[in-house]
Amino acid sequence: MNVAAVNCTERLRSRWRVTLPAMPLHLDTPLIESHPLSLASGRRIFLKLDVLQPSGSFKLRGIGHACEVHHARGATRFVSSSGGNAGLAVAYAGRRLGVPVTVFVPESSTTTARMLLARENAEVVVHGASWQEANDLALSRVGAADAFIHPFDDPLVWHGHASLVDEVVAEGLTFDAVVVSVGGGGLMCGVAEGLRRHGLDHVPIVAVETTGAASLRAAVEAGELVTLDAITSVATSLGSRRVAAQALAWTQERPVHSVVVSDADALDACERFLADHRMLVEPACGASLALAGAPHEALGPFERVLVVTCGGATATIDQIRRWARSEPGSDL
Ligand SMILES: *Cc1c(COP(=O)(O)O)cnc(C)c1O
């Protein structure tokens, strides 16, 4: 290359660096009105389709952001202890950023989860009977140049999740409630942060959990953080035994309505969403969609409801149907 060309390239490079924001890892997902759900629930239902994120769930927003920040600070490896959508988001972000990823998962993790992680080039270390042991080993293996990426309890993650609200507001949609599924509460914290940024603190968050994974409900009732003895719901992505302290704090600062639905209703909503919109989501997401499948008291007087369609990549339709068959009260 001649000198002029080199100078030109340098100029473009520095211009690029200064004026162009780094391309985020997540997509600006479609926002649609669900005509079938609007008809069924008797109010207008809008869906933010984070099921379409490349890693399969909204988690890429916050985790992608956390990975980008750690990458910029010089981290040379990302470590996760999630065999679910959080681990998949870390693996995807690592592959895109060219940073090696190690995910520690328990022996109870599914072969599907391990296959999905391996397909994203992550190193998968199988250890221990439960998540606790896998996580303990992960933490003990985090080196000085590594970044441990928490699935939900990290302000960087919340900050990234908040982009979901930015996108909805930028489209000019007005809504009088937002429905979100709650596991550890990271998504809820991000949505609350995004609503605050846009002066929407008065818009209630309807926080949905399933029976057997209702750690936010337990905390709200006790007025303090509660650690559940066990997770018994099939909505494994909601299976955090204890929520982030910030999730409980939001319930004390702004309107948050805690709702608990059955596994059967969450599974039914997955099946129905597949029929209505031709997309497969996990029961963790079905829990939120369940509120819109019929007139539901939890949506009370709300007329325009935004449902965060959080997605999830780890359940197959066969698995969802098997779970539904073993559920009492299910039609399947
Ligand atoms: C992680 C996850 C949730 C719950 O998110 P938290 O931030 O843990 O509350 C809900 N749905 C899906 C599909 C998830 O992967």
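Residues numbered from 1 in each chain as written. Predicted model: local features only at pLDDT ≥ 70, side-chain atom pairs only at ≥ 80, totals over all residues. Heavy atoms only, no water.

Next up on the list: the packing of helix 3 (residues 59–72) against helix 4 (residues 85–97). The geometry of a pair of packed helices is captured by two quantities: the angle between their axes and the separation between those axes. Running from N to C, helix 3 and helix 4 point in directions that differ by 45°, and their axes come no closer than 9 Å. Overall, the two elements helix 3 and helix 4 adopt an arrangement that is oblique. By crossing handedness, the relation of helix 3 to helix 4 is classed as right-handed. Residues Lys 59, Leu 60, Ile 63, Gly 64, Cys 67, Glu 68 and His 71 of helix 3 pack against Asn 85, Ala 86, Ala 89, Val 90, Tyr 92, Ala 93 and Leu 97 of helix 4. The residue inventory of the contact of helix 3 with helix 4, partitioned by class, reads nine nonpolar, three polar and two charged. (Axes fitted to C-alpha atoms, helices over the stretch in contact; angles between N-to-C directions. Helix = DSSP H or I, 4+ residues; strand = E, 2+ residues; numbered from the N terminus. Parallel < 35°, antiparallel > 145°, perpendicular 65-115°, else oblique. Left-handed = near helix turned anticlockwise from the far one by under 90°. Contact = heavy atoms within 4.5 Å. Nonpolar A, V, L, I, M, F, W, Y, C, P; charged D, E, K, R; others polar.)

Attention shifts here to the nonpolar core. In terms of nonpolar packing, the biggest core is built from 71 residues, with Phe 175, Val 178, Val 180, Met 188, Val 206, Leu 289 and Leu 291 touching the most fellow members. Once residues lying within four places of it in the same chain are set aside, the contact partners of Leu 289 are Leu 37, Leu 47, Ala 269, Phe 273, Val 281, Val 307 and Thr 309. Core analysis: the next-biggest nonpolar cluster, separate from the first, contains 26 residues, Leu 25, Cys 67, Leu 116 and Val 157 among them. (Core = buried A, V, L, I, M, F, W, Y, C linked by side-chain atoms within 4.5 Å. Buried < 20%, exposed > 50% of the residue type's maximum accessible area, 1.4 Å probe, protein only.)

Structurally, the position occupied by Ser 262 is in the loop between strand 9 (256–261) and helix 12 (263–277). In contact with Ser 262, not counting residues within four places along its chain, are Thr 210 and Thr 211.

Moving on: the pattern of salt bridges. What the rule picks out here adds up to 13 salt bridges. Two residues, Arg 197 and Glu 193, come together in a salt bridge whose shortest N-O distance is 3.4 Å. Of this pair, Arg 197 and Glu 193 both sit in helix 9 (residues 186–197), four residues apart, roughly one helical turn. Taking relative accessible area as the criterion, Arg 197 reaches 37% and is therefore assigned partly exposed. (Salt bridge = Lys/Arg side-chain N within 4 Å of Asp/Glu carboxyl O.)

The terminal C-alpha atoms of helix 12 lie 21 Å apart, and with 15 residues this matches the ideal 21 Å at 1.5 Å per residue to within 8%. Turning to helix 12, its buried residues number three or more, namely Asp 263, Ala 264, Ala 266, Leu 267, Ala 269, Cys 270, Phe 273 and His 277. Where helix 12 ends, the next residue or the one after it, Arg 278, has phi of about 60°, a positive value. (Expected span 1.5 Å × (residues − 1).)

Let's shift gears to helix 8 (residues 163–170). Buried within helix 8 we find Ser 163, Leu 164, Val 165, Glu 167 and Val 168. Where helix 8 is buried, its residues meet strand 1 (31–33), strand 2 (44–49), helix 3, helix 7 (155–161), helix 9 and strand 10 (304–309).

With that out of the way, let us pick up the site of the ligand. Around the ligand there are 16 residues in total, and Lys 59, Asn 85, Gly 183, Gly 184 and Gly 185 lie nearest to it. In the model, an oxygen atom of the ligand is placed 2.8 Å from a nitrogen or oxygen of the Asn 85 side chain. One of the backbone N or O atoms of Gly 186 is found 2.9 Å from an oxygen atom in the ligand. For the ligand, the protein covers 98% of the area, taking 380 Å² as the surface of the free molecule. In terms of residue class, the shell around the ligand is built from seven nonpolar, eight polar and one charged. (Near = heavy atom within 4 Å. Polar contact = N/O pair within 3.5 Å; in protein donor to acceptor, adjacent residues only side chain to side chain. Areas by Shrake-Rupley, 256 points an atom, 1.4 Å probe, with all protein chains shown as cover.)

A two-sided burial pattern is seen for strand 3 (residues 77–80), the buried positions comprising Arg 77 and Val 79 on one face and Phe 78 and Ser 80 on the other. Here strand 3 runs beside strand 6 (residues 146–148); their pairing, made up of three bridges, is parallel. What sits directly across from Arg 77, in strand 6, is Asp 146. Note that strand 3 and strand 4 (residues 101–105) share three bridges and pair parallel. For Val 79, the partnering residue across the bridge sits in strand 4 and is Thr 102. (Pairing = 2+ DSSP bridges.)

This paragraph deals with the sheet that holds strand 6. Strand pairing in a sheet relies on backbone hydrogen bonds. The paired strands run either parallel or antiparallel. The sheet built from four strands is open, its strands ordered 5-4-3-6 with parallel pairing. Strand pairing shows two members of the sheet lacking a second neighbour, strand 5 (123–126) and strand 6, which therefore form its edges. Direction aside, the axes of adjacent strands within the sheet are offset by 20° on average. Against the sheet, helix 5 (residues 111–119) touches strand 4 and strand 5, its axis set at about 150° to strand 5.

According to the domain assignment, the protein contains domain 1 (3–57 + 155–325) and domain 2 (59–149). The gap between the C-alpha centroids of domain 1 and domain 2 is 21 Å. With 25 residues of domain 1 in contact, the opposing surface of domain 2 contributes 20 residues. Summing the contributions of domain 1 and of domain 2, the shared interface buries around 1,900 Å²; its carbon and sulfur component is 60%. Three residues stand out in domain 1 for area buried against domain 2, namely Leu 25, Ser 55 and Leu 156, and they jointly supply 37% of the buried area on that side. At the junction of domain 1 and domain 2, the tally comes to two salt bridges. A salt bridge links Asp 50 to Arg 61; the nearest nitrogen and oxygen atoms lie 2.6 Å apart. (Domains from an automatic or database assignment. Buried area = accessible area lost by both parts, 1.4 Å probe.)

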